[in-house]
Amino acid sequence: MSYTIEMIGGRWKTIILYQLRNDSLRFGQLKKMLPLITEKMLAQQLKQLEIDGLVVRDAKKAIPPHVEYYLSESGKTLLPILTSMADWGQNHNPLTKEC
């Protein structure tokens, strides 16, 4: 449990991983999906997730150049956990319950 929390703990890592669950995304796309995160924090979290082997950074050699992020094979193994966390939040958040 401690190792898992070390890898995906904090406010943003799980949310970033969850946003990458279906497709690769560019930095700007992630930023739009997470309006409360600063660019600096997003960059730091993506770098740490890349170092930890959960996210892959793919620098495209296009004009203009751009970078995409996607889940690594190791990161994909977290999807059942992330989905369960999202489902739990949906079911227990008083703001999502019917009045």
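This text gives an overview of the structure that appears in the document. Model, not experiment: these values are computed from the prediction.

### Quick look at the nonpolar core
Okay, so step 1: Within the largest apolar cluster, 19 residues are counted, with the highest numbers of intra-cluster contacts made by Ile16, Leu17, Leu20, Leu42, Leu54 and Val55.
Okay, so step 2: Here the element with the most residues in this core is helix α4 (residues 39–51); it accounts for three residues.
Okay, so step 3: Among all residues touching Leu17, those that are not within four sequence positions of it are Ile8, Leu49, Leu54, Val55, Leu71, Leu78 and Leu82.

### Some words on the pattern of salt bridges
If charged atoms from side chains of opposite charge come close, those side chains can pair.
Okay, so step 1: All chains considered together, the criterion is met by four salt bridges.
Okay, so step 2: Here Lys60 makes a salt bridge to Asp58, at a shortest N to O gap of 3.1 Å.
Okay, so step 3: Judged by its relative accessible area of 32%, Lys60 is partly exposed.
Okay, so step 4: On the basis of relative accessibility, which here comes to 24%, the residue Asp58 falls in the partly exposed class.
Okay, so step 5: Put simply, Lys60 and Glu68 hold a salt bridge, and the shortest N to O gap is 4.0 Å.

### Looking at α4
Okay, so step 1: Counted at 1.5 Å a residue, the expected span for α4 with its 13 residues is 18 Å, and the 18 Å between its end C-alpha atoms agrees.
Okay, so step 2: Those residues of α4 that are buried lie in contact with α1 (2–8), α2 (13–19), α3 (27–33), β2 (55–60) and β3 (66–71).
Okay, so step 3: Phi turns positive, to about 80 degrees, at Gly53, one or two residues after α4.

So, how was this worked out
Each chain carries its own residue numbering, running from 1 in the written order of its sequence. Owing to the predicted nature of the model, reporting of local features is limited to residues with pLDDT of at least 70; listing and counting of side-chain atom pairs is limited to 80 or more, with chain, interface and lining totals taken over all residues. Water and hydrogen atoms play no part in the side-chain values, which are based on all heavy atoms of the structure. Definition of nonpolar core: a set of buried residues of the types Ala, Val, Leu, Ile, Met, Phe, Trp, Tyr and Cys, connected through side-chain atoms within 4.5 Å. The rule is simple: take the accessible area with a 1.4 Å probe, protein chains only, and divide by the maximum for that residue type; under 20% is buried, over 50% is exposed, in between is partly exposed. In DSSP terms, a helix is any run of H or I states spanning at least four residues, a strand is any run of E spanning at least two, and both are numbered starting from the N terminus. Pairs of residues are marked as contacts when any of their non-hydrogen atoms sit within 4.5 Å. Each reported salt bridge corresponds to a side-chain nitrogen of Lys or Arg within 4 Å of a carboxyl oxygen of Asp or Glu. A helix's residues, less one, multiplied by 1.5 Å, set its expected span.

Everything listed here is a matter of geometry and, on its own, says nothing about what the molecule does.
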